[in-house]
Amino acid sequence: MSIADKILKYKSEIESDGVKLVAVSKNHPAEAVQEAYAAGQRVFGENLVQEMVDKQAQLPQDIEWHLIGHLQSNKVKYIAPFVKLIESVDSLKLLKEIDKQAAKNNRVIDCLLQIYIADEDTKFGLQFDEAVELLRSEEFAELKHIRIVGLMGIATNNATEKQTQVEFNELKVLFDGFKLSFFRKADYFKEISMGMSADYKLAIEEGSTMVRIGSNIFGKRVIKHWKAE
Ligand SMILES: *Cc1c(COP(=O)(O)O)cnc(C)c1O
């Protein structure tokens, strides 16, 4: 199946559940994104700042770019003018920098807090109590150029279906708790980004509103080290 066919397949399957498809184009060239775009896809996820900046410059301007990988504070300035959603906020320090750069660009940048749900050491994210502490802090209350629109999580790689389901459920339960405690009146707090190629169906069953699918659409990742063309 071509990239275009896969986009059509996933869009109809996922969007009929009311879930948003984020096509993860990391390590694939701009031409692959263009092909998906021509098939109607507008939301793309990248995990490297440089790669996203390069593609953004070459591709149609109505693409919604989501940053889904670990973000260093000193790189926020490169994506602040255009990024649609930063899914991987894992510290107050980073959030403050996003707020600062958003202000410089006269924008409010939507963000997700990345919550650590996996049973492994390699994944970035906030522990539950760290997320609570962040949301309770006075420093957070002062930020006017960011908006927390939900949570993101990555399940343990190659886990059993049962464990993956438990991890997704933990994120959903946490989301519901945060909604009541911190975002009761904020209708924008509504996104739960969970689910990738291997586990998106389970994620949707557990309440995902946004799935991030890469290899199922674009195939094996082809570029090992991104370089600007
Ligand atoms: C790469 C990546 C994805 C997509 O993974 P696939 O298994 O290729 O679908 C989703 N989310 C994040 C955070 C990623 O880094």
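That block above? That's the structure.
This section reports on the structure supplied with the text. (Residues numbered from 1 in each chain as written. Predicted model: local features only at pLDDT ≥ 70, side-chain atom pairs only at ≥ 80, totals over all residues. Heavy atoms only, no water.)

1. Describing the packing of helix α6 (residues 128–136) against helix α8 (residues 161–182)
Stated precisely, the cut-off is as follows: Every axis in this analysis is a line fitted to C-alpha atoms, fitted for helices over the stretch in contact. Angles between the N-to-C directions lie between 0 and 180 degrees. A helix here means a DSSP run of H or I that spans at least four residues, while a strand means a run of E at least two residues long, and both kinds are numbered starting from the N terminus. Here the word oblique covers every angle except those under 35 degrees (roughly parallel), over 145 (roughly antiparallel) and from 65 to 115 (roughly perpendicular). Helix crossings fall into two classes, left-handed where the near helix is turned counterclockwise from the far one by less than a right angle and right-handed where it is turned clockwise. Contacts are assigned to residue pairs with any non-hydrogen atoms lying within 4.5 Å of each other.
Contact pair α6 / α8: the axes reach a minimum separation of 12 Å and the direction vectors enclose 20°. As far as their axial angle goes, α8 and α6 are roughly parallel. Seen along the crossing, α6 lies across α8 with a hand that is right-handed. Taken together, the residues of α8 that come into contact with α6 (itself represented by Phe128, Ala131, Val132, Leu135 and Arg136) are Glu170, Leu174, Phe178 and Phe182.

2. Overview of the environment of histidine 66
Considering the arrangement of structural elements, one finds histidine 66 in strand β3 (residues 64–67). Separated by 19 residues in the primary sequence, histidine 66 and asparagine 47 have C-alpha atoms spaced 8.5 Å apart. Excluding its chain neighbours within four sequence positions, the residues that come into contact with histidine 66 are Val22, Val43, Phe44, Gly45, Glu46, Met52, Lys84, Leu85, Glu87 and Met210.

3. Observations regarding the pairing of strand β1 (residues 20–24)
To be explicit about the condition: Three exposure classes are used, based on accessible area relative to the maximum for each residue type with a 1.4 Å probe and protein chains only: buried under 20%, partly exposed in between, and exposed over 50%. Pairing between two strands requires that DSSP report at least two bridges joining them. Here the term right-handed applies to a crossover when the path leading from its first strand over the helix to its second strand runs clockwise, the strands being oriented away from the viewer.
Counting buried residues in β1 gives 4 out of 5 residues, a clear majority hidden from the surface. As judged from the 4 bridges shared by β1 and strand β8 (residues 210–213), these two strands associate in the parallel manner. Residue pairing in the sheet places lysine 20 in a bridge with methionine 210 of β8. Direction of pairing for β1 relative to strand β2 (residues 43–46): parallel, over a ladder of 2 bridges. Looking at the pairing, alanine 23 lines up with phenylalanine 44 of β2. Tracing the backbone out of β1, into helix α2 (residues 30–38) and back to the parallel element β2 gives a crossover that is right-handed.

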